[in-house]
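Residues per chain are reported as follows:
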Amino acid sequence: FGIPVATLGLFAHIYLLIAFIAERLMRPKLYPHMYCVIYLIVLVMVIFAAYEAFVSFVIIKAVCIMCVVLYLLTAFLMLSCKRALTPMSGEIIKTLYHLFVPGISWPHVIRLGLALLFSLFITAVIAYGTDRYLVSYFTEQTRYIFFMNS
């Protein structure tokens, strides 16, 4: 997609932060559903982090300390989400299924969807702005260093 991996990571972590804040502002009746959605997002993050770790250690054969710290933080995030879901017996898919069946609980679906879309919008603005700022900053630094050495 042409999006730097660091920007995707920033996007994912800020999205989770805003989703957690939105979850705290919602009614307690939606907590299990929001935790399940957050758990699924963290599961995707863990799979991607495992892929990055494999590429880093096996294919590139290089170790990035910052990357290893992020891999560990993502794993701890996964464990903490799993622990938060323990009272529900870890039935994630079943909890999300009950949101839609036997009849769709539209007020809950709309509220959950709005919280997730709001989180997505705010996160996209923050990640895009940060990425554009850093690209322009380091591009300017590179030009400055290039002209100083010539």
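For clarity, every value in this text was computed on a predicted model and none was experimentally measured.

Here the focus is the overall build of the chain. Along the chain, the regular secondary structure elements total 5 helices and 0 strands. Starting at the N terminus and ending at the C terminus, the chain contains elements arranged as α-α-α-α-α. When the 150 residues of the chain are sorted by exposure, 29% land in the buried category. Look at the contacts in the chain between residues 6 or more apart in sequence, and 72% of them connect residues 24 or more apart. Counting every atom, the chain has about 10,400 Å² of accessible surface; 76% of that belongs to carbon and sulfur.

Moving on, we come to unusual backbone geometry. Although it is not a glycine, Lys 61 sits at a positive phi angle of roughly 60°. Note that Lys 61 resides in the loop between α2 (31-60) and α3 (65-84).

Moving on to the pattern of salt bridges. If you walk through the whole model with that rule in mind, you get 1 salt bridge. Note that Arg 132 is salt-bridged to Asp 131, the shortest N-O span being 3.0 Å.

Turning our eyes to something else, we now look at the packing of aromatic side chains. Applying the stated criterion across every chain yields a total of 3 aromatic pairs. Judged by centre distance (6.2 Å) and plane angle (15°), the ring pair of Phe 11 and Tyr 15 falls under stacked. Taken together, the positions of Phe 11 and Tyr 15, both in helix α1 (residues 5-25) and 4 residues apart, correspond to about one turn of that helix. A relative accessible area of 10% means that Tyr 15 is categorised as buried. Ring geometry for Phe 48 versus Tyr 51: centroids 6.3 Å apart, planes at 40°, classification tilted.

Here we take up the side chain of Thr 123. Secondary-structure assignment places Thr 123 in helix α5 (residues 106-149). Not counting chain neighbours up to four residues away, the residues in contact with Thr 123 comprise Phe 11, Ile 14, Tyr 15 and Ile 18.

Glancing now at the nonpolar core. Among the nonpolar cores identified, the biggest contains 21 residues, and Leu 16, Met 34, Ile 38, Tyr 39, Val 42, Leu 85 and Leu 116 are the most heavily contacted of them. Counting only elements with at least two residues in this core, the list comes to α1, α2, α3 and α5. Here this core takes 8 residues from α2, the largest share from any one element. Setting aside anything within four residues of it in sequence, one finds Ile 38 in contact with Leu 16, Ala 19, Phe 20 and Cys 81.

Moving on: the confidence of the model for the chain. Overall, the predicted model of the chain reaches an average pLDDT of 77, with 77% of residues at or above 70. Per-element averaging of pLDDT across the chain places helix α4 (residues 92-100) at the bottom with 68 and α2 at the top with 85.

Moving on: α1. End to end, α1 covers 30 Å across 21 residues, agreeing with the expected 30 Å (1.5 Å per residue, within 8%). Of all the residues in α1, the buried ones are Thr 7, Ala 12, Ile 14, Tyr 15, Leu 16, Ile 18, Ala 19, Ala 22 and Glu 23.

The first and last C-alpha atoms of α3 sit 29 Å apart over 20 residues, in line with the 28 Å expected at 1.5 Å per residue. Looking at α3, one finds that the buried residues are Tyr 71, Thr 74, Leu 77, Met 78 and Cys 81. An end-on view of α3 places all buried positions within 120° of arc, on one side of the element. In α3, those exposed residues whose orientation departs by more than 90 degrees from the buried face are Ile 65, Phe 76, Leu 79 and Arg 83.

What counts, and at which threshold
- Residues numbered from 1 in each chain as written.
- Predicted model: local features only at pLDDT ≥ 70, side-chain atom pairs only at ≥ 80, totals over all residues.
- Heavy atoms only, no water.
- Helix = DSSP H or I, 4+ residues; strand = E, 2+ residues; numbered from the N terminus.
- Buried < 20%, exposed > 50% of the residue type's maximum accessible area, 1.4 Å probe, protein only.
- Contact = heavy atoms within 4.5 Å.
- Areas by Shrake-Rupley, 256 points an atom, 1.4 Å probe, with all protein chains shown as cover.
- Salt bridge = Lys/Arg side-chain N within 4 Å of Asp/Glu carboxyl O.
- Phe/Tyr/Trp six-rings, centres within 6.5 Å; stacked < 30°, edge-to-face > 60°.
- Core = buried A, V, L, I, M, F, W, Y, C linked by side-chain atoms within 4.5 Å.
- pLDDT = per-residue confidence, 0-100.
- Expected span 1.5 Å × (residues − 1).
- Arc of directions from axis to C-beta.

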